[in-house]
Amino acid sequence: MTESPEHTADPAAVPGDAPGDAPGGGYPAARLRLLQAPGAEAPTGPDRRAALAGLTDDWLAALLAGATAARGRAAPGTALVAVGGYGRGELSPRSDLDLVLLHDGRAATADLAALADRLWYPVWDLGLDLDHSVRTPAEARRAARDDLKVQLGLLDARHVAGDPELTAAVRTAAYADWREGAPRRLPELRELCQERAARQGELQYLLEPDLKEAHGGLRDATALRAIAASWLADAPRGGLEAARTRLLDTRDALHLTTGRATDRLSLQEQDQVADALGLLDADALLRRTYESARTIAYAADVTWREVGRVLRARSVKPVLRGLLPGRTAGRGERSPLADGVVELDGEAVLARTARPERDPVLLLRAAAAAAQAGLPLATHAIRRCAAAPLPVPWPAEAREELVTLLGAGAPTVPVWEALEAEGVIARLLPDWERVRCRPQRNPVHTWTVDRHLVETAVRAAALTRRVHRPDLLLVAALLHDIGKGWPGDHAVAGETIARDTAARLGFGPGDTAVIATLVRHHLLLIETATRRDLDDPETVGAVADAVGSPGTLELLHALTEADALATGPAAWSSWRAGLVAALVQRVADRLAGQPAPDPRGTDAPTAEQERLAVEAGRTGGPVLTLRTRPEAGPPGTADGTADATGATTPEPVGVELLIAVPDQPGVLPAAAGVLALHRLTVRAADLRTLDPVGQGPVLLLSWRVAAAYGSLPEAGRLRADLIRALDGSLNVPGRLAERERAYARRSRTVPAPPPRVTVAAGSSRTATVIEVRAQDAHGLLHRIGRALDAAGVRVRSAHISTLGANAVDAFYVTGPDGAPLPDPVAHKVAEMVGTALR
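Residues numbered from 1 in each chain as written. Predicted model: local features only at pLDDT ≥ 70, side-chain atom pairs only at ≥ 80, totals over all residues. Heavy atoms only, no water.

Quick question: what am I supposed to make of the overall build of the chain here?
Scanning the chain from terminus to terminus reveals 31 helices and 15 strands. Residues classed as buried in the chain amount to 53% of the 838 residues present. Long-range contacts, defined here as pairs at least 24 residues apart, represent 72% of the contacts in the chain between residues at least 6 apart. (Helix = DSSP H or I, 4+ residues; strand = E, 2+ residues; numbered from the N terminus. Buried < 20%, exposed > 50% of the residue type's maximum accessible area, 1.4 Å probe, protein only. Contact = heavy atoms within 4.5 Å.)

As structure tokens, this is what we get:
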């Protein structure tokens, strides 16, 4: 291989006519006319890039012809080849020229060097950057095998001048070698992409992004072309080419504005670039850039995931593949995640029996299951479900699944991004479009507005143990900045939008009012704590008046912390946290004199509940009914119950299960364990004691349950297993432990917040209230019940609620004498329950 010497001429010098130039300025003048042509008919975008590449082709071809003529003899066996971006025919105003001078090996070294000089020096004289080499086809092939970047460049090789057979031979060999070596080279390419992303960041969130190198930029688009050329996988095509074209157009405008070969969109140049592109302002430019980058980044993520699956499948020999347990015909085993959703090859996909057209909640259920399992949600699953619209207001199950998705922590982000890339979020939440890809020029902010909202929900998920209503916290976190993009104070505009959105999601008036209050005052605590005198009663009184209730204050405190943590490292500190906590304590003391509604009021038993209790007392054994009820009205109607926020408890989803059992030890863990064995998820439950016929107390358990997947079990099977669990012939703990081991491999990638078990002081005069806040999990209620039994306490009543993926439970317990527990004993019981859950 022969390399020509470097040239050090002043790139700013104005050259004369290079060889091959026509009189009157030749290539330099034609290039200038093309780039500065006035009027609406001047080529722009792809047309200008193609025209510039064509103009350059003609000039270089003339240079090669002139160099050959100057030597006085023909020069067979040489070809000039464009590679890289120039090879694709996409030449930006200040792009460098990537050129390879191919030869067949017959020419003398001195002759090749002289020929190369006749080609390279005119390029340098124009001040253009040049990446050049002189190689035979065999040398080019070896260089590609040794250097991945060379190989990628050859995939875009395009003939410019000379012997076309040389160019064709190199192209054919390059593609053959690439496809043959793809299982080895693609992991190397992915590593390069990951290193570049770690170094340059995410283009879709940067205030001064590198259009080429950042993740979601032009380099990633080129990598997608290379993956497609390997024939192993292909990118989602929707909008991909348009996104790439917009980034190229932006880079063209940046080159023309600055007069430099730069790819970084600096703040001071954004207004000029926006004007050159005919956009309103720099914010419009950034938003368009972010949208393009998001499309490319999503396509890259999906494609690399597909590459990984293909390479993993190829790594298993066909003979061994057929011998692997649970695998058939080379396909992975399907593990159920939720009703209609399974895990397959590391993704959440739809089950074979899923019917999206009949199940409008399926998409949210799949998204929630994917996030909770720490899995990506398959693109084809999203597209199959996207056509089924949700009714408005949403049914209770849809609302629960949204809360479950938001409460999954960090795995929420890629699932949410997949939904957004497929246009789902804008259909579910129409007001989301205003904040989508909206830049935030405050340097404190790390993210765009929409990503900040999702990040706030992620941060709030870690704080759900601190609040009684994690569902309201998570939804308020998602909506707290939804007013940005509207005129005026974004908190004021956001209050109205949040109220409308909460009603759309199916929240009742009470819950909607709390969410709207949280959005309206999401900056109240941090601004008051850092700018006002906390010892001034007027300051505390103003906050108390705005918040209104202890429960709302509790939620606002958690939202304030989540918002600050999601903003960036400069927005939260131990000093700010201390000031906010001090303010919250003062406001809580001020609100303590206000009576809060009791969420645990006891309603009179229904006629059906009394009938079951009588039957259980007469027969001495358990009796139960299991039936589907039509969904009640939205929360906030007569079916809702008030909680400490002044809002209403969400109406649970599922079917109604009533169990009546003569009072005896172990009823709660036995019943909960049987439900878990039958894969029934407890959405809500209530336990009370009745004595309807004077034959002794009967425990009445009212459950709302839902099948995790599949159909509901028969009531007869549930009763038979409950009898066996009570008499000890069914080893419920052993069976549940066996199932947990079987599903251990699907453990969450991000740990849930630890459980919190507390004694609710002053909540009842006749019993001790043990409150449990934990991640909802298989057999959770069974473990709690066993711990309470082991502590030797009686459960007088229990109130169970599942809000998304969070369980918020209260157990009214007494000692064997029926009296409340002494404080030391109560705290010991709480400690035992916490230990059992951890």
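Further notes follow.
Could you clarify how one ought to interpret the pattern of salt bridges in this entry?
If charged atoms from side chains of opposite charge come close, those side chains can pair. According to the stated counting rule, one finds 42 salt bridges in the structure shown. With its nearest N and O atoms 2.6 Å apart, the salt bridge here joins R294 to D450. Taken as a pair, R294 in helix α11 (residues 282–315) and D450 in helix α18 (residues 449–461) lie far apart in primary sequence, 156 residues in all. Judged by its relative accessible area of 8%, R294 is buried. The exposure class of D450 is buried, given its relative accessible area of 1%. For K484, the salt bridge goes to D481, with nearest N and O atoms at 3.4 Å. The same class applies to K484 and to D481, which are both buried. A single network of salt bridges, built from pairs that share partners, joins R88, E90, D156, R225, E241 and R244. (Salt bridge = Lys/Arg side-chain N within 4 Å of Asp/Glu carboxyl O.)

What's the story with the packing of aromatic side chains in this structure? I'm lost.
The geometry of an aromatic ring pair is captured by two quantities: the separation of the ring centres and the angle between the planes. Summed over all chains, the structure comprises 4 aromatic pairs. Between Y121 and W124, the aromatic rings sit 5.3 Å apart at their centres with planes inclined by 85°, giving edge-to-face as the arrangement. In this pair, Y121 and W124 are both assigned in helix α4 (residues 109–125), 3 residues apart and thus about one turn of the helix distant. By relative accessible area, W124 is classed as buried at 9%. A centroid spacing of 5.0 Å and a plane angle of 90° characterise the contact between Y205 and W447, whose relative ring orientation is edge-to-face. In this pair, Y205 is assigned in the loop between α7 (164–200) and α8 (218–230) and W447 in the loop between α17 (424–428) and α18, connecting sequence segments 242 residues apart. Assessed through its relative accessible area of 8%, Y205 is described here as buried. Between R399 and the ring centre of F507, over which it is positioned, the NZ or CZ distance is 5.4 Å. Here R451 stacks its cationic end above the ring of W447, 4.1 Å away from the centre of that ring. (Phe/Tyr/Trp six-rings, centres within 6.5 Å; stacked < 30°, edge-to-face > 60°. Lys NZ or Arg CZ within 6 Å of the ring centre and 35° of its normal.)

Can you walk me through the environment of P183 in this structure?
Position of P183 relative to the elements: it lies in helix α7. For P183, a relative accessible area of 36% gives the class partly exposed. For the pair P183 and V307, spaced 124 residues apart in sequence, the C-alpha separation works out to 9.0 Å. Sequence-distant contacts of P183, that is, excluding residues within four places in its chain, are made with L311 and R314.

How should the nonpolar core be read in this particular structure?
Here is a general trend for soluble globular proteins: nonpolar side chains tend to be buried in one another's company. Within the largest apolar cluster, 98 residues are counted, with the highest numbers of intra-cluster contacts made by L377, W416, L419 and W432. It is helix α13 (residues 362–373) that provides the largest number of residues to this core, a total of 10 residues. Here W432 is in contact with W416, E420, I425, D450, L453, V454, L478 and I482, once residues within four sequence places are set aside. (Core = buried A, V, L, I, M, F, W, Y, C linked by side-chain atoms within 4.5 Å.)

Could you clarify how one ought to interpret the environment of T766 in this entry?
Inspection of the secondary structure puts T766 in the loop between β12 (756–759) and β13 (768–775). Taking the C-alpha atoms as reference, T766 lies 9.7 Å from L821; in sequence the two are 55 residues apart.

Sorry, what's going on with the side chain of D57 here?
Relative to the assigned elements, D57 resides in helix α2 (residues 45–70). If sequence neighbours within four positions are ignored, D57 has contacts with Y86, R158 and V160.

It is not clear to me how the confidence of the model for the chain should be interpreted in this structure. Could you clarify?
When pLDDT is averaged along the chain, the result is 86, and 88% of the positions lie at 70 or above. No element of the chain has a lower mean pLDDT than helix α12 (residues 318–323), at 47, and none a higher one than helix α19 (residues 470–479), at 98. Within the model, pLDDT remains below 50 along residues 1–24, and this stretch shows 48 contacts once partners closer than five positions in the same chain are excluded. Predicted confidence is poor over residues 630–642, with pLDDT under 50, and the contacts of this stretch with residues over four places away or in other chains come to 31 contacts. (pLDDT = per-residue confidence, 0-100.)

Before we go on, may I ask you to explain the sheet that holds strand β2 (residues 97–103) in this structure?
Strand pairs in the sheet, formed through backbone hydrogen bonds, run parallel or antiparallel to each other. Overall, mixed pairing links the 4 strands, which are arranged β3-β2-β1-β4 in an open sheet. Looking at which strands have only one partner, the edges of the open sheet turn out to be β3 (130–135) and β4 (158–162). On average, each strand axis in the sheet is tilted by 25° relative to the strand beside it, whichever way the strands run. Pairing of β2 with β3 involves 6 bridges; the strand directions are parallel. (Pairing = 2+ DSSP bridges. Axes fitted to C-alpha atoms, helices over the stretch in contact; angles between N-to-C directions.)

What is the right way to read the sheet that holds strand β6 (residues 341–344) from this model?
With antiparallel pairing, the 3 strands of this open sheet are ordered in space as β5-β6-β7. The strands lining the two open edges of the sheet, one partner per strand, are β5 (335–338) and β7 (347–350). Ignoring strand direction, the axes of neighbouring strands in this sheet form an average angle of 45°.

Would you explain helix α26 (residues 607–619) in this entry?
Side chains three or four residues apart in an α-helix point the same way, a direct result of the helix having 3.6 residues per turn. In this model α26 runs 18 Å from its N-terminal to its C-terminal C-alpha over 13 residues, within 8% of the 18 Å that 1.5 Å per residue would give. Those residues of α26 not exposed but buried are E608, Q609, L612, A613 and A616. For α26, the angular spread of buried residues about the axis comes to 135°, placing them on one side. Opposite its buried face, α26 presents the exposed residues A607 and R618, each directed more than 90 degrees away. (Expected span 1.5 Å × (residues − 1). Arc of directions from axis to C-beta.)

When you look at the pairing of β7 in this model, what are you seeing that I'm missing?
In the case of a regular strand, side chains alternate between the two sheet surfaces. Taking every second residue as pointing to the same face, both faces of β7 are buried, with E347 and V349 on one and A348 and L350 on the other. Here 4 bridges tie β6 to β7, and the two strands are oriented antiparallel to one another. Residue pairing for β7: V341 is matched across the bridge by L350. Where β6 folds back onto β7 in an antiparallel hairpin, the turn is made up of 2 residues, including D345, whose phi is positive at roughly 55°.

Would you take a moment to explain the packing of helix α27 (residues 667–677) against helix α30 (residues 780–790) for this structure?
Running from N to C, α27 and α30 point in directions that differ by 165°, and their axes come no closer than 8 Å. Relative to α30, the element α27 is oriented roughly antiparallel. Viewed along their axes, α27 and α30 form a crossing whose handedness is left-handed. Contacts between α27 and α30 involve L668, P669, A672 and G673 from the former and L781, H782, G785, R786 and D789 from the latter. Across the contact of α27 with α30, the residue classes break down as 4 nonpolar, 3 polar and 2 charged. (Parallel < 35°, antiparallel > 145°, perpendicular 65-115°, else oblique. Left-handed = near helix turned anticlockwise from the far one by under 90°. Nonpolar A, V, L, I, M, F, W, Y, C, P; charged D, E, K, R; others polar.)

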